[in-house]
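# Topology and contacts: notes
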Amino acid sequence: MKPYTSENLRNVAIIAHGGAGKTSLAEAMLFNGGSTSRLGSVDSGTSVLDSEPEEIKRRITLTSAIHHFDWKGRHVNVIDTPGYANFIVDTKSCMRVAGGAVVIVSAISGVKVQTEAVWKYADEFDIPRVIFISKLDRERADFERAVSEIESSFKCHPLVLQMPIGKEDDFVGVVDLVGMKALRYSNDQSGKFTVEEIPDHLKEAAEEAREAMIERVVEADDDLMEKYLGGEDISVEEITQAAHEGTLTGKFVPVVCGSAMKNIGIQPLMDLICDCLPSPLERPAQLAEVLADNEGKELVPDPEAPFAALVFKTISDPFTGQLSVFRVYSGTLTSDSTCLNSTKDRKERIGQLLKLEGNKQVPIEKCVPGDIIAVAKLKETTTWDTLCSEKEPILLKGLSLPAPVISFSLRPKSKGDEEKLGSALQRLMAEDPTIHIDRNEQTKELVVSGMGQVHIEVTVDRIKRKFGVDVELDAPKVPYKETIRGTVSVQGRHKKQSGGRGQFGDVWLKIEPLPKGGGFEFVNNIVGGVVPRQYVPAVEKGVLEAMAAGVLAGYPVVDVKVTLYDGSYHTVDSSEMAFKIAGSLAFKKGVVDARPVLLEPIMAMEITVPNDYMGDIIGDLNSRRGKVNGVEPMAGGNQLIKASVPMAEVLKYAPDLRSMTGGRGMFTMEFSHYEEVPSHLTAKIVEAAKREREES
Ligand SMILES: Nc1nc2c(ncn2[C@@H]2O[C@H](COP(=O)(O)OP(=O)(O)OP(=O)(O)O)[C@@H](O)[C@H]2O)c(=O)[nH]1
Ligand SMILES: [Mg+2]
């Protein structure tokens, strides 16, 4: 690896919808840059970026991978990100630390919903970008349509720097509209090309396209505009410089094209990355919080400044152990040193610094500001922790995670694997913070939640491969609750005489409903000591025990007020136990007459779908007892549907939405509140609960 400075460094994330060709493009750049000795392929499982067995099996990127290449005197860190919605949180994490992005738009499918989502992340983190129109070798590839979709969907000004030569099978190269040359590629994926005159049949179109390109460039630069209007020629250097400026300010977005699969048009994109995307020195200053005085501070990417870095990824590597991957914002860190984890307020020993190369790592001695580096076996550090100099503790802001959208109940296939499963899940959660594990105390299930069905399936595969635990998934049980609608007064009397000392407790309770979310209230209105004070807590305990399993279907009872207002006792036979039983008896008996009802959890959902699908999706929500609360138009011909839907109806919504929209819909959902189950469904739920109790 050649030495490099912050000025020569580029951190580039490759982003787009699933299957657009991000990994293939990154592989082609690594190959052309000499970082790999053969062109890795997703389809044949030889990609150094998609190298996890679960990725090879599915042929999709499940987790971001980082590698680097040297080009035109620059050192480029390439971050290959996932494109599928299930894994998009990882993509967003990478965008938090990237300095520039290559956005891929497929010449076949154009701009998809998911590409718009990642484009928004680039907006959020103010990331300059260039666009690569891919797959021009494929049937029905359409360059012009892709350009016009870029303009309309992203609402940006594309700066089209190339034109394709040939179509589909006959796609052989690109016209460089800046140098006005044709780059004709050999058909063997070697990336070799010859520079030729523009073919006659393209000359006129190329002249026109160049004119349009120049006009866009000069519009962004007053001096150049003057020159242009004065009839002077604009040089290649001037165009390159203005393109760099215009890319950083977002006045336009440079567009090039090619085929990653055939390794056509990749080097000009690599040039563009070096020419137009920013070095860490050109990025807006990173804001940090100084812990000593809670003041804000702008970090400078100066090697002499105090060290500061943000951990944005954790990888569990089978050979090296746990790797923390961080982006340096200022200062220098060397191998075999120490630093502070300011988030956890713990000192960390830094062993060997590592540069990531896909699934491998190479040792390096020190890292410069801006670089992306890994270190193994930190003791306390997790994703989104700040590592910094002990002399000047600061904090950097990480990302907040979205709520999971889907849950399954999880259990080991063989009994006795419970403990192994628990520790496997802990390790996986460190690596993938979008996996959540809960033990549902009500249903006694281990519930795993994640960003979608594929995400959960991948997690199950990983549990098996990495930890040797086979697990089974079921739809989670819906945590129903019970409450009452009426008010009753009821007596609970427990009397037992069995030889020696007997048991006696006698209470009168008033049981009434509380408003939604009211929980439980217990009031003691005993006067004259008819129930001695020392037995009152026992009565409440008895009521609480009875509330744990309601009379309808055994679900917990909520939102009730219980008032103890009368009773009697026996000087010898009364005891705490007897009053507890009396309280419990009274509650169970009373609830039966207090019009008990079932409550079910309602989820708040936000569903984004292309316009064409809106009718179907709303129809489907209605059939799931959903209420649509609003529809808002979104960018790129999409609609955002907001709805409240009973959880029982959307336990498997992810695959259903996928099949209804051909994978173009996205959704999030979180728990909102409880509502009464419609009476015609209550009997079914009660029956199912009864059956289950009998079985277990
Ligand atoms: N014909 C052709 N196929 C391509 C090209 N680029 C990628 N592909 C194919 O498209 C499919 C998806 O490619 P990937 O590189 O895995 O796409 P990706 O964007 O990384 O996908 P995810 O990581 O899963 O989001 C694979 O079958 C590739 O061989 C291209 O330029 N031409
Ligand atoms: Mg990929």
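Residues numbered from 1 in each chain as written. Chains lettered and ligands numbered in written order. Predicted model: local features only at pLDDT ≥ 70, side-chain atom pairs only at ≥ 80, totals over all residues. Heavy atoms only, no water.

### Describing the state of the cysteines
This model, assessed by the stated rule, comprises zero disulfides. Looking at cysteine 94, it has no disulfide partner, and the nearest cysteine sulfur is the one in cysteine 367, 18 Å off. In this structure cysteine 339 is not part of a disulfide, and its nearest cysteine sulfur, from cysteine 388, lies 7.2 Å away. Using a relative accessible area of 2% as the deciding quantity, one classes cysteine 339 as buried. (Disulfide = S-S within 2.5 Å. Buried < 20%, exposed > 50% of the residue type's maximum accessible area, 1.4 Å probe, protein only.)

### Notes on helix α8 (residues 236–249)
Here α8 contains 14 residues, and its C-alpha end-to-end distance of 20 Å stays within 8% of the 20 Å for a straight helix at 1.5 Å per residue. For α8, the set of buried residues is Ile239, Ala242, Ala243, His244, Gly246 and Thr247. At its buried positions, α8 is contacted by β5 (129–134), β6 (158–160), α6 (200–219), α7 (222–229), β11 (253–257) and α9 (266–276). One or two positions beyond α8, positive phi appears at glycine 250, with a value near 80 degrees. (Helix = DSSP H or I, 4+ residues; strand = E, 2+ residues; numbered from the N terminus. Expected span 1.5 Å × (residues − 1). Contact = heavy atoms within 4.5 Å.)

### Concerning the sheet that holds strand β18 (residues 346–350)
Read from one edge of the open sheet, eight strands run β18-β17-β23-β14-β15-β22-β19-β20, paired in antiparallel fashion. Both edges of this open sheet fall to β18 and β20 (360–364), since each of them pairs with a single strand only. Within this sheet the neighbouring strands show an average axis-to-axis angle of 40 degrees, counted without direction. Sheet analysis places strand β17 (residues 337–341) next to β18, joined by five bridges and oriented antiparallel. Considered in β18, the bridge of cysteine 339 is made with glutamate 348. Contacts between helix α3 (residues 88–97) and the sheet are confined to β14 (308–317) and β15 (321–330), with β14 contributing the most and set at about 145 degrees to the helix. (Pairing = 2+ DSSP bridges. Axes fitted to C-alpha atoms, helices over the stretch in contact; angles between N-to-C directions.)

### Points about the side chain of serine 409
Tracing the sequence through the fold places serine 409 in strand β25 (residues 406–412). At 3.4 Å, the side chain of serine 409 and the side chain of glutamate 445 are in polar contact. Aside from chain neighbours lying at most four places away, what touches serine 409 is Glu445, Leu446, Val447, Glu472, Leu473, Asp474, Ala475 and Pro476. (Polar contact = N/O pair within 3.5 Å; in protein donor to acceptor, adjacent residues only side chain to side chain.)

### As for the pairing of strand β4 (residues 100–106)
Strand residues, when the strand is regular, have side chains that alternate between the two faces of the sheet. Buried residues dominate β4, accounting for seven of its seven residues. Here β4 shows no split at all, with Gly100, Val102, Ile104 and Ser106 on one side and Ala101, Val103 and Val105 on the other all buried. As defined by bridge partners, strand β1 (residues 9–15) adjoins β4 across four bridges and the pair is classed as parallel. Across the sheet, the residue bridging to isoleucine 14 is valine 102, located in β4. In this view, the connection linking β4 to its parallel neighbour β5 by way of helix α4 (residues 113–124) has right-handed handedness. (Right-handed = clockwise from strand over helix to strand, strands pointing away.)

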